[in-house]
Amino acid sequence: MPLSQRNLLDLDEFGRDDIGLILDTGVSMAEILSRQIPRVPTLRGTTIANLFYEASTRTRVSFELAARSLGADVVNVTASGSSIEKGESLVDTLRTVQALGADMVVIRHRDAGAPYLAAATLDCPVINAGDGWHAHPSQALLDLYTVRTRLGRLEGIKLVIVGDILHSRVARSNIWGFARMGARIVLCGPPQLLPHEVTRFPGTDGLVTIEPNLDVAVEDADVVMALRIQQERMEGAHLPDLREYARLYSISEARLARANPDALVMHPGPMNQGVEISATIAYGNASVIEEQVTNGVAVRMAGIYLLAGGSAEAANGQ
Amino acid sequence: MLRGSVRLNRRQIMDAADMRRALTRIAHEIVEQNSGAERLVLIGMHTRGVPLARRVAAIIDEFEATTPPVGELDITLYRDDLGMQARPPAVSPTNIPFPIEAKNVVLFDDVLFTGRTVRAALDALIDFGRPRTIQLGVMIDRGHRELPIRADYVGKNLPTARNEDVELRVQEIDGADSVAVATLDRPYRED
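Residues numbered from 1 in each chain as written. Chains lettered and ligands numbered in written order. Predicted model: local features only at pLDDT ≥ 70, side-chain atom pairs only at ≥ 80, totals over all residues. Heavy atoms only, no water.

Draft legend 1. Here's a closer look at the domain arrangement of chain A. Residues and elements named next belong to chain A. By the assigned domains, chain A splits into domain 1 (11-136 + 294-313) and domain 2 (137-288). Domain 1 and domain 2 are separated by 25 Å when their C-alpha centres are compared. Contacts between the two partners involve 30 residues from domain 1, matched on the other side by 28 residues from domain 2. With both chains or domains summed, domain 1 and domain 2 bury close to 2600 Å², and 61% of this area falls on carbon and sulfur atoms. Looking at the side of domain 1 facing domain 2, the largest losses of area belong to Leu11, Trp133 and His136, adding up to 31% of the total buried there. Along the contact surface separating domain 1 from domain 2 lie 3 salt bridges. (Domains from an automatic or database assignment. Contact = heavy atoms within 4.5 Å. Buried area = accessible area lost by both parts, 1.4 Å probe. Salt bridge = Lys/Arg side-chain N within 4 Å of Asp/Glu carboxyl O.)

Shown next as structure tokens:
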């Protein structure tokens, strides 16, 4: 049973079967990564272009390792040091990359929707590696994978996402993904950073709620996910004082004690320790933050593999 | 896997007792060929090679009082025809939780046909280490090789036409043991 989608733009278009297939394939990919030679020749002869218009370490390296582990060649295009600096438009850059022979494009862009423009422009599959505040589907998939691996299930669990929901593409994609798999999601953070529309995504009825008080939100939680306070996105005066934020919304031991005894702590990274998460929690027993990074490669391999080979003719013929 | 072909007739070639006898003979041949069961490792190829390898290991245990370790190998990611598929096939887990370095590895598949699956399996195995030997056991050799590959242990040689399909069923997966040949309305393409 193949994926129903040609691109990985966000999880809203992905059904439970699609997500399940990616997570199951991720298990096989994790086995490959555990080998002495963590590489298979599956995508030998194909080229994957990483177009990163925004700074990134873990996501870019993770996609690069995933592609290489499947035997693909990788070209990295970053905004600095390329024709993007000379003012080349996104569409022209995309056409150029395609003309140079890319078989798949992974794109990160500061503008929401840029990957959709890429998908409409290109014949090859497109993976969204983060677009503005909108979506970060591969992060959500690796979060789903990490929780499923640790807890053995996704259905019925309680996930608390804490922090700047308003500016968080990680939160949005995780809301789609976890709700699709039947988890309950509680969003927590300063009221000015808690947009109510994210509780009303179609198909998530009743699964997503808002609770501004963190002590209340974490009660009986199975997973507590802290989001990074993104100072580069704090152009307006959304957060007057980081110390005030830490006092109210930092994941601390006292707060975690109110969650389930085997609750997991997650963070998409990079962390601001002492702001959204305390160092003892970040490196403590409940933390799966490093596992998230490791699992990211396996899950991205699964996504790349399942989107590869789906040529335009083959997709049209079905 | 066959898509969109019609089966015109079907005749049974082996029943459960035939398959049991063939596996018993293969188990003895393996032990004889390798002068015992020491350093022996069995690896079943997904899907039906896995139960066959497990059964051979159990038979060897009956007369050698030692069970060779059994691993599972999925060769999907080593196939040479992925680009020809509309969508990538599902990947099953590979599980070889023991070293194969300096071991005598017997690879198991249900049906040997073009040899391309075995070629992929050899590539995959070599990524796990350097075995002393790699040998091949199959229940059915149906001919039509496209690569210079042969089996060391064969349950039954079964000459077939290209437009025939060998249906091998095993208790563990299909609920019964049998081998049958069906004639298709168009030539078989292994996928």
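Draft legend 2. Geometry of the packing of aromatic side chains. Scanning all chains against the criterion turns up 2 aromatic pairs over all chains. Centroid distance A:Trp176 to A:Phe201: 4.4 Å. Interplanar angle 15°. Geometry classified as stacked. Taken together, the residues A:Trp176 in helix α6 (residues 169-180) and A:Phe201 in the loop between β6 (184-188) and β7 (208-210) connect sequence positions 25 residues apart. Across from the ring centre of A:Phe63, 4.8 Å away, lies the NZ or CZ of A:Arg300, which sits over that ring. Positioned above the aromatic ring of B:Phe113, the side-chain terminus of B:Arg142 is 3.9 Å from the ring centre. (Phe/Tyr/Trp six-rings, centres within 6.5 Å; stacked < 30°, edge-to-face > 60°. Helix = DSSP H or I, 4+ residues; strand = E, 2+ residues; numbered from the N terminus. Lys NZ or Arg CZ within 6 Å of the ring centre and 35° of its normal.)

Draft legend 3. Structural context of the confidence of the model for chain A. On average, residues of chain A carry a pLDDT of 91, and 95% of them reach 70 or more. Taken as a whole, residues 310-318 of chain A scores under 50 in pLDDT and shows 11 contacts with residues more than four places along the chain or in a different chain. (pLDDT = per-residue confidence, 0-100.)

Draft legend 4. Spotlight on empty space enclosed by the protein. If you walk through the whole model with that rule in mind, you get 1 cavity of 30 Å³ or more. As a volume, the largest cavity reaches approximately 50 Å³. Surrounding the largest cavity, A:Ser28, A:Glu31, A:Ile32, A:Arg35, A:Val40, B:Asp74, B:Leu77, B:Tyr78, B:Val91, B:Ser92, B:Pro93 and B:Thr94 form its lining. Taken together, the residues that form the lining of the largest cavity break down as 6 nonpolar, 3 polar and 3 charged. (1 Å grid on protein atoms, 1.4 Å probe; cavity = no way out; pocket = protein on both sides within 12 Å on 5 of 7 lines; lining within 4 Å. Points joined across faces, edges and corners; volume = space filled by probe spheres on them. Nonpolar A, V, L, I, M, F, W, Y, C, P; charged D, E, K, R; others polar.)

Draft legend 5. The pattern of salt bridges, seen in detail. All names here are of chain B. According to the stated counting rule, one finds 25 salt bridges over all chains in the structure shown. Among the ionic pairs, Asp123 bridges to Arg119, the shortest N-O distance being 2.5 Å. Here Asp123 and its partner Arg119 are both found in helix α3 (residues 116-126), 4 residues apart, which amounts to about one turn of the helix. Residue classification places Asp123 among the partly exposed residues on the basis of a relative accessible area of 32%. (Buried < 20%, exposed > 50% of the residue type's maximum accessible area, 1.4 Å probe, protein only.)

Draft legend 6. Main features of the interface of chain A and chain B. Listed by partner, the interface residues are 24 residues for chain A and 15 residues for chain B. For the pairing of chain A and chain B, the buried interface totals around 1800 Å² over both sides, and the portion due to carbon and sulfur atoms is 56%. When the buried surface of chain A facing chain B is broken down by residue, A:Ser28, A:Arg35 and A:Tyr305 rank first, second and third, together holding 27% of it. At the junction of chain A with chain B, the criterion picks out 0 salt bridges.

Draft legend 7. Up close: the environment of B:Arg7. In this fold, B:Arg7 is placed in strand β1 (residues 7-14). On the basis of relative accessibility, which here comes to 38%, the residue B:Arg7 falls in the partly exposed class.

Draft legend 8. Structural context of the sheet that holds β7(A). Residue and element names in this part refer to chain A. Reading across from one edge, β7-β6-β5-β8-β9 is the order of the 5 strands in this open sheet, with parallel pairing throughout. Sheet topology places β7 and β9 (264-266) at the edges, where each strand pairs with a single neighbour. Adjacent strand axes in the sheet meet at a mean angle of 20° when their direction is disregarded. Here 5 bridges tie strand β5 (residues 158-162) to β6, and the two strands are oriented parallel to one another. Along β6, the bridge assignment pairs Lys158 with Arg184. (Pairing = 2+ DSSP bridges. Axes fitted to C-alpha atoms, helices over the stretch in contact; angles between N-to-C directions.)

Draft legend 9. Quick peek at the side chain of A:Ser62. Structurally, the position occupied by A:Ser62 is in helix α2 (residues 58-69). Leaving out residues up to four positions away in the same chain, A:Ser62 has contacts with A:Gly296, A:Val297 and A:Arg300.

Draft legend 10. A look at the confidence of the model for chain B. Mean pLDDT over chain B works out to 92, with 94% of the residues at or above the 70 mark. Prediction confidence for the complex, expressed as pTM and ipTM, is 0.90 and 0.81 respectively.

Draft legend 11. Representation of helix α1 (residues 16-33) of chain A. Residues and elements named next belong to chain A. Compared with an ideal rise of 1.5 Å per residue, which puts 18 residues at 26 Å, α1 spans 25 Å between its outermost C-alpha atoms and is within 8% of the ideal. Residues of α1 that are buried: Asp18, Ile19, Gly20, Leu21, Ile22, Leu23, Thr25, Gly26, Ser28, Met29, Glu31 and Ile32. Against α5 (137-151), α6 and α11 (289-307) lie the buried residues of α1. (Expected span 1.5 Å × (residues − 1).)

Draft legend 12. Here's a closer look at the packing of α5(A) against α6(A). All names here are of chain A. One can describe the packing of α5 onto α6 by two numbers: an axis separation of 8 Å at closest approach and a directional angle of 55°. Classed by the angle they form, the pair α5 and α6 counts as oblique. Seen from above, α5 lies across α6 with right-handed handedness. On α6, the residues that touch Pro137, Gln139, Ala140, Asp143, Leu144 and Val147 of α5 are Val170, Ser173, Asn174, Gly177 and Phe178. Taken together, the residues that form the contact of α5 with α6 break down as 6 nonpolar, 4 polar and 1 charged. (Parallel < 35°, antiparallel > 145°, perpendicular 65-115°, else oblique. Left-handed = near helix turned anticlockwise from the far one by under 90°.)

Draft legend 13. Up close: the sheet that holds strand β3 (residues 104-109) of chain A. All names here are of chain A. An order of β2-β1-β3-β4 is seen for the 4 strands of this open sheet, with the pairing classed as parallel. Whereas interior strands pair on both sides, the edge strands pair on one side only; in this sheet they are β2 (73-78) and β4 (126-131). In this sheet, adjacent strand axes meet at a mean angle of 15° when their direction is disregarded. Two strands pair when backbone bridges link them, and strand β1 (residues 47-52) and β3 are joined in this way by 5 bridges, in the parallel orientation. Along β3, the bridge assignment pairs Asn50 with Val106.

Draft legend 14. Expanded view of unusual backbone geometry. In this model, A:Gly269 is joined to A:Pro270 through a cis peptide bond whose omega is -10°. Tracing the backbone through its elements, the reader meets A:Pro270 in the loop between β9 and α10 (279-282). In the segment running from B:His46 into B:Thr47, the intervening peptide bond is cis, with an omega of 5°. With respect to the element layout, B:Thr47 can be found in the loop between β2 (40-45) and α2 (49-64). The phi angle at B:Arg39 is positive, at roughly 60°, despite the residue not being glycine.

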